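# Commentary on secondary and tertiary structure
Given next are the chains, with one letter for each unit.
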Amino acid sequence: MQKIITAVRDSIRLKLILGVAFVHLILMTLFIYDLVERQKDFLIREAHKLAVSQAKIIADTASPWVIADDLVGMEEVVRSSAEGNSLRYAMLADPAGRVLAHTERDKIGKYLQDEVSHAALVGVQTAKIVAAESNTVFAAAPVLVDGQLLGWSLLGLDTTATNAHLGYVTRTGSLYTAIAIVVGTIFAILLARSILRQLSLLLSGVGNLGKNRLDEAVPIVTNDEVGKVASAFNHAVASLREIRSELDSEMLERKRAEQATRRLSRRLINTIEEERKRIAQDLHDEFGQALTGVQIGLNSLKNAVPADASAAAKCQELIESIQSMGDSIDRVASDLRPATLDHLGLVPAVKSYLEDFEQRTPGLEVEFHAVGLKNRLDSAIELVCYRVIQESLTNIVKHAKASRAEIQITVSHPKVIVTIKDNGIGFDQQDAFQNSVVGVGGVGLSGMQERVASVRGTLEARRQKGGGSMVRVKLPTSLGKPTETVASAQS
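This text gives an overview of the structure that appears in the document. Fair warning: this is a prediction, and the values are worked out from it, not measured in the lab.

Taken as a whole and assessed by the stated rule, the structure comprises 3 aromatic pairs. Ring centres of Tyr353 and Tyr386 lie 5.8 Å apart, and the angle between their planes is 70 degrees; this geometry places the pair in the edge-to-face category. One end of the pair, Tyr353, is in helix 9 (residues 346-360); the other, Tyr386, is in helix 10 (residues 379-400), and 33 residues separate them in sequence. Summarising the burial analysis for this pair, Tyr353 and Tyr386 share the class buried. Each member of the aromatic cluster is reached from another via a ring pair, and the members are Tyr353, Phe357 and Tyr386.

What follows deals with the pairing of strand 4 (residues 136-145). Most of strand 4 is tucked away, with 8 of its 10 residues classed as buried. Summarising the sheet, strand 3 (residues 128-132) and strand 4 pair through 4 bridges and their orientation is antiparallel. The partner of Lys128 across the bridge, within strand 4, is Ala140. Connecting strand 3 to the next strand, strand 4, in antiparallel fashion are 3 residues. Pairing analysis gives 10 bridges linking strand 4 to strand 5 (residues 148-158), with the strands arranged antiparallel. By the bridge assignment, Thr136 is partnered in strand 5 with Asp158.

As for its placement among the helices and strands, Thr159 is situated in the loop between strand 5 and helix 5 (160-210). By relative accessible area, which is 7% here, Thr159 ends up buried. Ignoring sequence-local partners within four residues, the contact set of Thr159 consists of Ala47, Ser134, Asn135, Thr136 and Val137.

So, about the sheet that holds strand 4. Pairing within the open sheet is antiparallel, and its 5 strands lie in the order 2-1-5-4-3. One side of each edge strand has no neighbouring strand; the edge strands of this open sheet are strand 2 (99-102) and strand 3. With strand direction ignored, the average angle separating the axes of adjacent strands in the sheet is 20 degrees. As paired elements, strand 1 (residues 87-93) and strand 5 share 6 bridges and run antiparallel to each other. What sits directly across from Leu92, in strand 5, is Ser153.

Glancing now at the pattern of salt bridges. Scanning all chains against the criterion turns up 15 salt bridges. For Glu367, the salt bridge is made with Arg404, and the minimal N-O distance between the two is 2.4 Å. Here Glu367 is found in strand 6 (residues 365-371), whereas its partner Arg404 is found in strand 7 (residues 404-412), with 37 residues between them in sequence. Judged by relative accessible area, Glu367 falls into the partly exposed class, the value being 27%. Overall, the relative accessible area of 34% leaves Arg404 in the partly exposed class. Among the charged side chains, a network of salt bridges with common partners joins Glu75, Arg79 and Arg105.

A separate point is a nonpolar patch on the surface. A contiguous nonpolar surface patch, about 380 Å² in accessible area, is contributed by Phe22, Leu25, Ile26 and Leu30. Locating Leu25 in the fold gives a position in helix 2 (residues 12-67).

Looking now at the nonpolar core. Formed by 41 residues in total, the largest nonpolar core has its most connected members in Leu393 and Leu475. The set of elements that each furnish at least two residues to this core consists of helix 9, strand 6, helix 10, strand 7, strand 8 (415-422), helix 12 (444-453), strand 9 (458-463) and strand 10 (469-476). Considering every element that reaches this core, the biggest residue donor is helix 10, with 10 residues. When sequence neighbours within four positions are dropped, the list of residues in contact with Leu393 reads Tyr353, Leu354, Phe357, Val366, Ala405 and Ile407.

So, about unusual backbone geometry. Between His413 and the following residue, Pro414, the backbone shows a cis peptide bond with an omega angle of 10 degrees. Position of Pro414 among the secondary structure elements: in the loop between strand 7 and strand 8. Its identity is not glycine, yet Arg456 carries a phi of approximately 65 degrees, on the positive side. When you line up the elements, Arg456 lands in the loop between helix 12 and strand 9.

Rules and cut-offs
- In this convention, every chain numbers its residues from 1, walking through the sequence in written order.
- Side-chain atom pairs in this predicted model are given and counted only at pLDDT of 80 or more, local residue features only at pLDDT of at least 70, and totals for whole chains, interfaces and linings cover all residues.
- Side-chain numbers come from the whole structure's heavy atoms, not from hydrogens or water.
- Stacked, edge-to-face and tilted labels apply to pairs of Phe, Tyr and Trp rings (six-membered ring for Trp) whose centres lie within 6.5 Å, assigned for plane angles under 30 degrees, over 60, and everything in between, in that order.
- Runs of E in the DSSP output that reach at least two residues are strands. Runs of H or I that reach at least four are helices, and both are numbered from the N terminus.
- Partly exposed describes any residue whose relative accessible area lies between the buried limit of under 20% and the exposed limit of over 50%, with all areas from a 1.4 Å probe on protein chains only and scaled to the type maximum.
- A pair of strands is treated as paired once DSSP finds two or more bridges between them.
- For this analysis, residues touch if any pair of their heavy atoms sits within 4.5 Å.
- For helices, the fitted axis covers only the stretch in contact; all axes are lines through C-alpha atoms, and the angles between them, taken along N-to-C directions, range from 0 to 180 degrees.
- Criterion for a salt bridge: a side-chain nitrogen of Lys or Arg within 4 Å of a carboxyl oxygen of Asp or Glu.
- Residues enter patches when their relative accessible area tops 30% and they take part in no salt bridge; the joining distance is 9 Å for like charges and 5 Å for the nonpolar side chains Val, Leu, Ile, Met, Phe, Trp and Tyr.
- Here the open area of atoms and residues is found with the Shrake-Rupley method and a 1.4 Å probe, where only the protein chains shown may cover a residue.
- The set of buried Ala, Val, Leu, Ile, Met, Phe, Trp, Tyr and Cys residues whose side-chain atoms join them within 4.5 Å is what this entry labels a nonpolar core.

Right, dumping it as structure tokens:
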């Protein structure tokens with residue numbers, strides 16, 4: 001039952017068909033009921049009139065025979081009256097209730113015992129309906145001579161034919177009701193088919209729209225309101241198709257522009273890194289060798305003047321300055337491009353950087369973990385990871401006011417994840433990127449994002465719920481080049 005209710009509720013076709021059938025059922029039922037009731041009232045009234053009229057005829061015809069007390073004449077009147085009429089019985093009785101004449105001769109001379117006959121002998125002395133049963137109407141009429149009551153004419157009119165006619169009218173009405181329901185249902189089916197055909201095509205068009213199939217128009221099969229809706233739908237889809245085409249063109253152009261920008265950005269980053277590498281090598285090779293030569297010369301000069309204490313002290317002071325200058329050059333060269341990263345890999349390079357970083361920033365404690373890093377990553381990936389860590393720590397020192405930072409590198413093929421957290425004041429991601437773009441406080445997050453995107457990676461930077469900030473970078477473990485086994489110093 002619930003399935004039927006659900007089906008009707010979800011189907012316009014069933015609602016329309018059942019609605020038309022129900023309306024026909026109600027209207028025809030009311031019509032047939034009214035018709036039968038009208039026929040019934042009419043036929044009952046006619047039967048009552050006929051019964052009263054027949055009783056009066058018997059009373060008037062029999063009055064001479066009643067006066068003469070001629071039983072044979074009265075019997076002849078009763079019998080002749082019953083012939084050709086739908087009478088169950090007819091009789092004449094005196095005022096005391098004794099039967100004077102009867103269509104059933106065995107009842108002549110007997111007194112009336114039934115309630116219906118007794119009811120006829122009392123009351124107003126006029127022709128009347130005494131009672132009515134399912135198939136019989138009882139009527140009585142007084143036999144009056146000069147106003148004196150001499151007896152009663154009693155009869156029972158058979159109404160079987162009347163009831164049969166009412167039954168026929170009822171059956172015929174029921175048949176017409178069924179025919180009306182069938183015809184109405186057929187009409188509703190045809191109407192639903194006409195209306196819902198266009199709706200079905202429109203729904204198919206909506207389904208195609210949901211599947212991004214914008215090149216199939218909805219066929220117009222009617223010119224009514226639904227057809228106009230389908231036509232409007234086709235115009236809307238055509239407009240959407242044009243907009244979609246323009247949007248696809250714009251997206252294609254934008255994608256090409258973004259790809260070109262990414263290529264240019266990656267080329268620029270590679271150029272900068274190559275230049276850093278060259279400058280770092282020049283600093284290490286040329287300036288380092290030159291300072292080493294100067295230091296050796298000063299040592300020789302110091303040994304050549306042992307008797308001059310002031311000259312020896314001056315030489316020692318110069319030697320220490322040169323050593324400090326060499327350390328500074330090594331640190332600058334390492335910041336530009338750490339040789340450890342190229343020769344030993346990411347983890348040793350980060351550890352070496354953190355040792356020097358903690359010496360330069362004693363107020364910040366840095367904890368480092370590496371998980372799953374068993375093989376060398378692609379050199380470009382290692383360089384991006386190193387630069388992200390380097391830039392993140394620089395930002396923490398400048399802006400975060402943090403006392404502790406945590407760095408974790410996790411390799412879960414085919415991804416490498418670098419996470420940097422701190423316990424500082426945090427930042428708003430949108431503001432941080434905006435400041436980076438407009439140049440507030442250096443390259444910052446925007447530069448990191450470009451560097452990460454150049455190797456098909458993603459960057460997430462946000463404030464932590466418990467305080468501080470977090471930067472998380474996800475990169476591929478390889479850009480298609482074979483990897484090397486990490487050196488023993490990295491294990």
